[in-house]
Amino acid sequence: MNHDDENELFARLEADMGAGPAVPGGEVVDLGKARAARTEAAEPGDAPTPVADSATDKAPTSTPGGPGGSDSDTRGVAKSELVDSSVPVESGPGLLDRIKGAKRLDVIPGWMRSWPEFRDAVTWLAGHAGHTAAFHAVRAPLYAGKLAVRTPRGVVNVLTGVGRWASDAEGEPLRQAEARRENSELYLKLARQRDRRVRLRTIVTASGTLLALGLALFLVFGASLLTQTIAAVLAMLVFGQIGAPADAPLSSRAVIKTEVQKLTSDMVVKAMASIGIGPISSAVAKGQEAITFVAPITREGPGWRADVDLPLGVTVADVVDRRSRLASGLRRPLGCVWPDGDPSEHEGRLILWVGDQDLSKTGKVKWQLAKASQHDIFNRNPFGIDPRGRAQSVPMIQHNVLIGSLPGQGKTSAVRVLACGAALDPSVELWIHENKGTGDLDAFAPISHRFVSGIDDEAIKYSADSLALLRKEVMRRAGALKKLPRDLCPDKRITRQIADKRSLKLWPLVAVFDECQNVFGHSEYGKQAGEDAEFIIKLGRALGVILILATQRPDKDSLPTGVSGNVSIRFCLHVAGQTENDMVLGTSSYKNGLRATIFRPEIDAGNGYLKGATPTPVVVRTAYLDGPATERIAQRARALRKAMGTLSGQAIGEEAEMASGPSYDLLADILAVVPESEERVWNERIAARLAEIRPDVYGGWQGENVTSALKPHGVTTRGVAGATDEGSRTTRRGIVREHVAKAMAERDGSTGAA
Ligand SMILES: Nc1ncnc2c1ncn2[C@@H]1O[C@H](COP(=O)(O)OP(=O)(O)OP(=O)(O)O)[C@@H](O)[C@H]1O
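What you see is a predicted model, and the numbers here were worked out from it, not measured in a lab. (Residues numbered from 1 in each chain as written. Predicted model: local features only at pLDDT ≥ 70, side-chain atom pairs only at ≥ 80, totals over all residues.)

Looking now at the UniProt feature "binding site: ATP" (unreviewed entry) in the protein. The UniProt record annotates "binding site: ATP" (unreviewed entry) at Ser405, Leu406, Pro407, Gly408, Gln409, Gly410, Lys411 and Thr412. Its location among the elements puts proline 407 in the loop between strand 8 (401–404) and helix 15 (411–423). Within the fold, threonine 412 resides in helix 15. The contacts of threonine 412, once residues within four sequence positions are left out, are Asp440, Asp514 and Ala550. (UniProt positions renumbered as here; feature names shortened; annotations may be inferred. Helix = DSSP H or I, 4+ residues; strand = E, 2+ residues; numbered from the N terminus. Contact = placed C-beta atoms within 7 Å.)

Structural data, given as structure tokens:
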């Protein structure tokens, strides 16, 4: 709390205690009393009442009005007294509210609460210690040699030192000076002091020498070899160190620290004054306080953090706009300087974070799930780190993702990270489309229900077909979800519990469209594909259908506005200008300071603005998975799917038409569960047996489901006489086994002929 705050709080307390019952702001003002009060104050000879405007620091002005003033004037007085009174009144939060609203600082720092960050810190520390130990261990023989060579010199240094001490050599220059000045009194005093000292020190030195000689004789003639060795090593360590020249230390450094200057308020003010924001520069020029530091500058992660209040009317976006000038003003590389807003405060609260090193030099960020055996897509997917080194993740369920940038900035890498997260959940059905044709996502082919890599018309058509199929799938899911009982699906959206009931076929479906501009911009299929994508984006979220779109041409021809306008998570790597920026990050993003144009081509590949995944947009350097790493993850994902029986579609060589849901052969399955000996059978019995062999497909089926599923195959049901489990005879709907066998033979015969 600063001084002004304290003053204000005390004034407020005084007002609370002394003013009697409060007049709530909403109460009716007694104009008569207000007028009387004003008339009193405006008596001739009275000084004009100053109306202080603390917000604008205006010069005091006289209260308008006076005897005979109009009603509106009167209201003006009453209003100014209530609003601008220099005595605090009941406006704004009270003391308790202010205390309640105070921001609590973390008891335990963020990096200690986040397991991955804590693990990173400990791993780094262990690595650092290990490296230093190994470095010096390797050089130990060299250090021993140096110490041995320096030992005689050390001995001489010690003897010389002792001699100088015993003879009080340090007082000699003083005595000489007094002798030259012929100050006999002081000289005699010093000489007497020297004699006293030398007498005492000679006794100490002689005793010490005798002791040392005794010890030396004992070590040479009386001590064991081990003691002799230890003594020799110790002597070498001590005398070798003492004998070292001042400019040649024994060991070199195992690590050389990159010296990073501490960020000071002075540096920040100077830098801010140099970026060309009028109110700041002019205040600094006049020697006034241009910006206010609301907290001490502290160390946060691998850098420094300054919390600053900008002058009135200046926004964080104004500073972000001048980031490179700010970097110059701070004399730091651009990739170290990250001005950011504080969402919990006002538009003028700037968090300036200055990193020790350029974000682009962080190297390749490890993906947290690179070695994980499995992942749950209902949890957030690790995505990368922010400039402050904090792990950042992306929620997948209930979301769609749009990734955009110029070529070669890291879109595909970002897609891989998201697709790998989805792949590690074996319940997820993957549809992968890579319409650049370079095979960047080929690793996912063995686990994808639908997969295509290509830029030719056929590949584009395949992707467009996928969107059409997804649209149908979304509609099917909407119907299926609606029918679910309320207790299973209270929020009318897919949950883990629902996804795990395979018979419902409502598992999460992640569809990736990399280089989607080639699909949406296609002359023949583009328009329909855009409409389908918009439909899916709008409705698919609650139904477990997640679209991940990546484009290197975010313009309105290649990315339908219905798509870009409705997507929930956006990641924008380097783009050329405002239009592309806003297409990916959303309207007005550029104006609000979210400018992916700040990233440098190539140097900042992998760095982008992430919006929608965190409470406020954040710069993220994505984790990087190269080809082999992606393949290893995909293999793990395939093994998981095999074990769970969720591989489907093209991953097991099925035709593309069998796109939605796992394939099954109803006729073959019925023949399998109805033995030849059983000529006629009730449909309800078939349904129960089918559910036993394929619960994921037939679970929950009743007799009617068998009836309707057989209809397209030309098998009709009829009344079949039989006995219930209790033994009573009755007739129910059923089939003749031979009819099913015939339908299957016909079908297979015609397939074979085709
Ligand atoms: N997260 C990252 N960390 C480090 N380097 C990265 C990262 N992402 C991308 N890169 C670098 O950028 C290069 C291009 O990445 P990527 O292929 O993902 O870009 P792209 O935007 O998909 O390109 P294109 O549009 O041509 O397909 C990579 O080969 C890699 O060297």
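To continue, consider the site of the ligand. Every one of the 16 residues lining the ligand counts as a neighbour, but Gly410, Thr412, Ser413, Ala605 and Gly606 are closest to it. Sorting the residues of the shell around the ligand by element identifies helix 15 and strand 15 (618–622) as the ones contributing at least two each. For the shell around the ligand, the element with the highest residue contribution is helix 15, accounting for three residues. Classifying every residue of the shell around the ligand by side-chain character gives three nonpolar, nine polar and four charged. (Near = placed C-beta within 6 Å. Nonpolar A, V, L, I, M, F, W, Y, C, P; charged D, E, K, R; others polar.)

Glancing now at the sheet that holds strand 16 (residues 680–682). Pairing in this open sheet of three strands is antiparallel, and the strands run 16-18-17 from one edge to the other. Edge positions in the open sheet fall to strand 16 and strand 17 (718–723), since each of these has one partner strand only. Direction aside, neighbouring strands of the sheet carry axes that sit 60° apart on average. In this structure, strand 16 lies alongside strand 18 (residues 729–736), joined through three bridges in antiparallel fashion. (Pairing = 2+ DSSP bridges. Axes fitted to C-alpha atoms, helices over the stretch in contact; angles between N-to-C directions.)

Angle between the axes and distance between the axes are the two parameters that describe a pair of packed helices. Where helix 11 (residues 265–273) meets helix 12 (residues 278–285), the closest approach of the two axes is 8 Å, and the angle between their N-to-C directions is 120°. Between helix 11 and helix 12, the angle falls in the class oblique. Residue-level contacts link Val269, Met272 and Ala273 of helix 11 to Ile280, Ser281 and Val284 of helix 12. Looking at the contact of helix 11 with helix 12, its residues break down into five nonpolar, one polar and no charged. (Parallel < 35°, antiparallel > 145°, perpendicular 65-115°, else oblique.)

As a further point, take the confidence of the model for the protein. Parts of the model with low pLDDT should not have their predicted coordinates read in detail. Predicted confidence across the protein gives a mean pLDDT of 81, with 84% of residues reaching 70 or more. Below a pLDDT of 50 lies the segment residues 8–81, which in the model reaches 55 contacts outside its immediate sequence neighbourhood of four places, other chains included. Every residue in residues 657–662 scores below 50 in pLDDT, and together they form 12 contacts with partners more than four places removed in sequence or on other chains. With pTM at 0.59, the complex prediction returns an ipTM value of 0.96. (pLDDT = per-residue confidence, 0-100.)

The biggest cluster of nonpolar side chains holds 119 residues, and the ones touching the most others in it are Ala419, Ala423 and Phe444. When we break this core down by domain, the ones giving at least three residues each are domain 3 (265–357) and domain 4 (362–643). Among all residues touching alanine 419, those that are not within four sequence positions of it are Ile432, Leu441, Phe444 and Val512. Of all hydrophobic cores here, the second largest spans 14 residues; its members include Ile670, Trp682, Ile686 and Leu690. (Core = buried A, V, L, I, M, F, W, Y, C linked by C-beta atoms within 7 Å. Buried ≥ 20, exposed ≤ 12 C-beta atoms within 10 Å, placed from the backbone. Domains from an automatic or database assignment.)

Our focus in this paragraph is the packing of helix 15 against helix 22 (residues 627–644). The contact between helix 15 and helix 22 brings their axes to 9 Å, and the two run at 20°. Between helix 15 and helix 22, the angle is such that the two are roughly parallel. For the pair helix 15 and helix 22, the sense of crossing is left-handed. On the side of helix 15, the interface is formed by Arg416, Cys420 and Ala423, while helix 22 contributes Thr630, Ile633, Ala634 and Ala637. Here the contact of helix 15 with helix 22 is composed, by residue class, of five nonpolar, one polar and one charged. (Left-handed = near helix turned anticlockwise from the far one by under 90°.)

Overall, mixed pairing links the 10 strands, which are arranged 7-6-15-14-13-8-12-11-9-10 in an open sheet. On the outer flanks of this sheet lie strand 7 (391–394) and strand 10 (448–453), each paired with one strand and no other. Geometrically, the sheet is characterised by an average inter-axis angle of 25° between neighbouring strands, direction not taken into account. Sheet topology places strand 8 next to strand 12 (residues 545–551); four bridges connect them, and they run parallel. Paired with valine 401 across the strands is isoleucine 548, a residue of strand 12.

The next thing to look at is the environment of threonine 646. By secondary structure assignment, the location of threonine 646 is in the loop between helix 22 and helix 23 (666–673). Given 20 C-beta atoms within 10 Å, threonine 646 falls into the buried group. In this structure, threonine 646 is in contact with Pro426, Ser427 and Arg641, ignoring residues within four places of it in sequence.

Before going further, it helps to spend a moment on the pairing of strand 4 (residues 337–341). Summarising burial for strand 4: five of the five residues are buried, a large majority. In strand 4, alternate side chains face the same way, and those of Val337, Pro339 and Gly341 on one face and Trp338 and Asp340 on the other are all buried. Two elements, strand 4 and strand 5 (residues 349–355), share five bridges in a ladder whose sense is antiparallel. Across the sheet, residue aspartate 340 finds its bridge partner in strand 5, namely isoleucine 351.

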